[in-house]
Amino acid sequence: MTRRWTLRGAQTEYTVAVPPHGRWLELVAWGPHGVSDGPSPVGYEGPVPFLTKGDGAPVEYATETDRPFAGADLVVRTRASFEFQDATATQDRLAVSFADPVNGLRAVLHYRIPAGTDVVERWVELTNEGTEPLRLARAGSAGFCVPTPHGARISYQWGQWAQEFQLDHVDLAHGTFAVGSAQGVPGHLYVPWLAIRDQADDTAVWGVGLAWTGSWQIEAERDTGGLTRIRAGRRLVDGPLELAPGQQLTLPVAAGAYSGGGLDGLARVWHAYQRRLAGERLGPRPVLYNSWEATYFAVDAASQLELARVAAGIGVETFVVDDGWFTGRNDDTAGLGDWTPDPAKFPAGFDAFVGDVRALGLKFGLWVEPECVNPRSRLYAEHPEWVYSVEGRPLTQVRNQYLLDLGRPEVAEFVHETVDRLLRTHDIDYLKWDFNRPRTEPGRPGATGPLDLDGSHVANLYRIFEQLRRDHPHVLIEACAGGGARTDLAMAARADVFWPSDNTGPLDRLAIQWGFLHANAPHLLSSWVTDAPGLFDPRPRSFAFRFVLAMAGVLGVGADIRHWTAEQRDEAARWIALYKEIRDIVMHGTVHLVGGPDQARCAVQYLSPDERTVVVLAWHTGRLDGAGLLPSRPVRLPLRGLASQARYRAGEQQYSGSHLTAVGLPVQWTAAHDAEVVILHRV
Ligand code: DGJ
């Protein structure tokens with residue numbers, strides 16, 4: 001029987017083998033097509049003094065018996081060690097089975113490369129076929145091995161509320177680099193995404209992402225032999241997982257991506273993958289208006305309709321009423337849990353209000369946060385036992401609210417029923433699903449035995465999203481968690497768009513979107529034009545800058561447009577019309593990230609799938625005062641992916657592909673002109 005398999009993606013291959021001793025699966029090579037045809041870049045057969053063979057080997061999924069010192073993926077309290085059983089394989093799928101002859105634990109390592117992508121999905125199915133319960137102190141999803149002979153360079157994204165997706169890099173000579181979340185959501189602090197490359201080579205880059213919407217950890221450890229091994233998986237914040245005899249557990253997908261085109265190329269690999277995850281829901285996203293920054297909690301039919309009228313006039317397609325529309329919700333201290341429209345705010349009835357919005361030609365969207373509850377609410381008065389709590393201990397409030405224990409079937413039923421009822425009762429096309437606090441209390445009143453609160457919350461969340469998407473296929477769902485605290489590959493498969501940050505200040509937002517687009521496709525990037533100076537980042541930028549920035553993904557408007565002048569409304573209408581022309585290319589085009597938010601040149605280029613149209617969105621990141629007044633040459637934006645012999649036309653101007661690539665597209669900034677959309681057509 002063969003014990004070596006190669007999975008092939010669009011441009012990459014991933015080869016694994018079971019060594020003669022049969023105790024684990026090893027990586028042979030991971031890279032461009034053909035990379036496995038030669039001695040393995042990660043294999044190691046030499047001495048391992050004071051270590052074990054497994055510590056030096058490129059093990060795919062390691063128990064601590066087999067890799068006791070260099071980091072294991074699976075830690076079973078009574079130990080585990082596997083023997084190879086069998087495997088099933090096709091060109092894009094592989095399942096390799098191992099079993100522990102002592103405790104009866106079976107592990108099936110699954111691999112899949114979705115067609116047309118360069119992403120290998122890996123997950124593990126554990127089954128306790130023994131007679132005793134097994135306690136798992138660590139249950140990682142995968143180990144990914146990357147050759148880094150000259151040292152590893154790791155790219156990651158850190159953040160905090162209003163400053164998410166900050167792309168940064170660290171050189172790792174030896175030791176471990178770790179990111180994660182213990183918050184029950186992916187969190188603001190780090191994104192479950194890493195990119196790894198050798199310090200001497202900027203072109204070959206490997207990426208790891210996790211499809212898990214709870215607590216997580218990703219660690220990269222470079223050993224003395226030049227191998228960097230990345231472990232990715234759940235973080236067991238509730239203590240060890242218990243696997244009863246006969247029980248099966250499927251661990252979340254950890255995804256590995258490869259690109260020979262540097263970090264920019266790796267972004268395209270993730271984009272293609274997420275577009276596949278979106279499947280048939282990858283339709284054009286509507287231009288939306290969201291009333292949060294205009295009215296905050298002071299929602300009422302009259303003010304919302306006034307906003308909706310202006311929104312319709314400038315070309316907005318969907319009008320979203322944010323927080324503040326339901327009973328008891330006049331600020332953030334009360335109301336969460338009581339999901340019925342406040343009759344005082346909608347005196348003619350909520351449906352009449354929705355009808356009025358729709359009569360303007362707009363679709364209608366609504367904000368919800370159904371996993372949370374304020375202590376000042378009817379729901380909490382009726383069901384105080386539904387929130388996470390530890391008996392005898394005070395509850396922790398974050399933003400004046402508690403978190404419902406979604407793992408309880410009756411709570412999951414309530415949450416599903418609440419949202420389903422809203423969607424059935426009112427004419428709604430769009431949901432913004434928010435989540436504004438981490439989980440703090442690791443307990444469920446009255447429960448005995450070990451609990452997996454994190455796991456059951458996430459499992460029910462997925463079930464609810466899937467049910468709602470199935471029963472209301474026309475409703476788009478925007479995932480939000482106080483900004484961008486809930487973005488991971490599992491949400492990218494279940495939500496249609498992400499709200500990446502509450503920070504809409506122009507230059508701050510540019511940096512946030514820059515990081516975001518390294519990990520996420522443009523169809524997931526919700527972005528609003530808001531008023532100057534805004535809550536954050538008072539650095540002045542033009543109205544145009546804000547529009548061009550929001551056009552880089554899914555364009556929205558969040559300003560108080562009641563106060564916009566006629567000129568501003570006209571200008572907004574022109575930008576929105578232009579966005580509608582380029583929207584398909586933004587959604588489906590090949591993205592190149594040019595320069596960066598901390599560089600003089602900064603642009604996102606979208607190349608249409610037929611390669612005939614190039615859309616360039618460019619921003620001036622520097623000081624505005626002297627620009628255009630002093631002698632200065634235009635900024636040049638080097639474009640990518642063009643045919644060097646072809647000619648490209650923008651208005652009257654023509655360029656060769658070679659010029660645009662080698663010299664770059666010129667953009668001339670002045671104080672009044674700090675952003676631009678250039679559309680080039682292949683002649
Ligand atoms: C946090 C979100 O990020 C905001 O956009 C807004 O929806 C508020 N919550 C509402 O409370």
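Keep in mind that what you see is a predicted model, and the values were worked out from it rather than measured.

Cut-offs applied
Residues numbered from 1 in each chain as written. Predicted model: local features only at pLDDT ≥ 70, side-chain atom pairs only at ≥ 80, totals over all residues. Heavy atoms only, no water. Helix = DSSP H or I, 4+ residues; strand = E, 2+ residues; numbered from the N terminus. Rg over C-alpha atoms; globule rule 2.2 N^0.38 Å. Buried < 20%, exposed > 50% of the residue type's maximum accessible area, 1.4 Å probe, protein only. Contact = heavy atoms within 4.5 Å. Areas by Shrake-Rupley, 256 points an atom, 1.4 Å probe, with all protein chains shown as cover. UniProt positions renumbered as here; feature names shortened; annotations may be inferred. Domains from an automatic or database assignment. Polar contact = N/O pair within 3.5 Å; in protein donor to acceptor, adjacent residues only side chain to side chain. Pairing = 2+ DSSP bridges. Axes fitted to C-alpha atoms, helices over the stretch in contact; angles between N-to-C directions. Near = heavy atom within 4 Å. Salt bridge = Lys/Arg side-chain N within 4 Å of Asp/Glu carboxyl O. Core = buried A, V, L, I, M, F, W, Y, C linked by side-chain atoms within 4.5 Å. Right-handed = clockwise from strand over helix to strand, strands pointing away.

A. Highlighting the overall build of the protein. In terms of regular secondary structure, the protein is built from 13 helices and 37 strands. The C-alpha radius of gyration computed for the protein amounts to 26 Å, which stays within 12% of the reference 26 Å derived for 683 residues, consistent with globular compactness. Referenced to the eigenvectors of the C-alpha coordinate spread, the extents of the protein come out at roughly 75 × 70 × 40 Å. Here the protein holds 683 residues, and 61% of them are scored as buried. A separation of at least 24 residues holds for 68% of the contacts in the protein among residues at least 6 apart in sequence. A total of about 25,100 Å² of accessible surface is found on the protein, and carbon and sulfur atoms cover 52% of it.

B. Layout of the UniProt feature "domain: Glycosyl hydrolase family 36 C-terminal" (unreviewed entry) in the protein. Sequence positions flagged by UniProt for "domain: Glycosyl hydrolase family 36 C-terminal" (unreviewed entry) are, in local numbering, residues 602-680. Helix makes up 8% of residues 602-680 and strand 42%. Its end C-alpha atoms lie 17 Å apart.

C. Just the domain arrangement of the protein, in detail. When the domains of the protein are assigned, the result is domain 1 (4-279), domain 2 (285-586) and domain 3 (613-682). Each of domain 1 and domain 3 has a C-alpha centre, and the two are 41 Å apart.

D. Representation of the side chain of Ser291 in the model. Within the element layout of this structure, Ser291 appears in the loop between β20 (288-290) and α3 (292-295). In terms of polar contacts, Ser291 uses its side chain to reach the side chain of Gln304, at 2.9 Å. Sequence-distant contacts of Ser291, that is, excluding residues within four places in its chain, are made with Tyr296, Gln304, Leu307, Val320, Val321 and Asp322.

E. How the structure looks around the UniProt feature "domain: Glycosyl hydrolase family 36 N-terminal" (unreviewed entry) in the protein. The positions that UniProt labels "domain: Glycosyl hydrolase family 36 N-terminal" (unreviewed entry) are, in the present scheme, residues 91-239. End-to-end, the C-alpha atoms of residues 91-239 are 38 Å apart, and along that stretch the chain is 0% helix and 58% strand.

F. Structural context of the sheet that holds strand β1 (residues 4-8). If you trace the three strands from one edge of the open sheet to the other, you get β1-β2-β3, paired in antiparallel fashion. Strands at the two margins of the open sheet, each flanked by one partner only, are β1 and β3 (26-32). When strand polarity is set aside, the average angle formed by the axes of neighbouring strands in this sheet is 15°.

G. Main features of the site of the ligand. Neighbouring residues of the ligand: 13 residues in total, closest Asp322, Asp323, Lys432, Asp434 and Asp502. One of the side-chain nitrogen or oxygen atoms of Asp323 is found 2.6 Å away from an oxygen atom of the ligand. Out of a free accessible area of 290 Å², the ligand has 98% covered by protein chains.

H. Molecular detail of the pattern of salt bridges. Counted according to the given criterion, the structure contains 36 salt bridges. Put simply, Arg439 and Asp238 hold a salt bridge, and the shortest N to O gap is 2.9 Å. Of the two residues, Arg439 sits in the loop between β25 (430-433) and α8 (453-471) while Asp238 sits in the loop between β16 (227-234) and β17 (241-243), which places them 201 residues apart along the sequence. Counted as one network, the salt bridges with shared partners bring together Asp323, Arg329, Asp332 and Arg399.

I. How the structure looks around the nonpolar core. Within the largest apolar cluster, 197 residues are counted, with the highest numbers of intra-cluster contacts made by Trp325, Trp433, Phe547 and Trp619. Looking at which element gives the most residues to this core, the answer is helix α12 (residues 566-588), with nine residues. Not counting chain neighbours up to four residues away, the residues in contact with Phe547 comprise Val529, Leu555, Val557, Trp564, Ala572, Trp575 and Ile576.

J. Expanded view of the pairing of strand β22 (residues 363-368). With five of its six residues buried, β22 lies for the most part within the structure. Two elements, strand β21 (residues 318-321) and β22, share four bridges in a ladder whose sense is parallel. Looking at the pairing, Phe319 lines up with Phe364 of β22. One crossover worth recording links β21 to the parallel β22 by way of helix α5 (residues 350-359), and it is right-handed.

K. Representation of the sheet that holds strand β35 (residues 653-656). Ordered by their spatial adjacency, six strands build an open sheet running β30-β31-β32-β37-β34-β35, and the pairing between neighbours is antiparallel. Looking at the sheet topology across the chains shown, the edges are occupied by β30 (590-595) and β35. Neighbour-to-neighbour, the strand axes of the sheet open up by a mean angle of 25°, direction not taken into account. Bridge analysis of strand β34 (residues 647-650) against strand β37 (residues 675-682) gives two bridges, and the strand direction is antiparallel. When the bridges of β37 are listed, Arg649 appears paired with His681.

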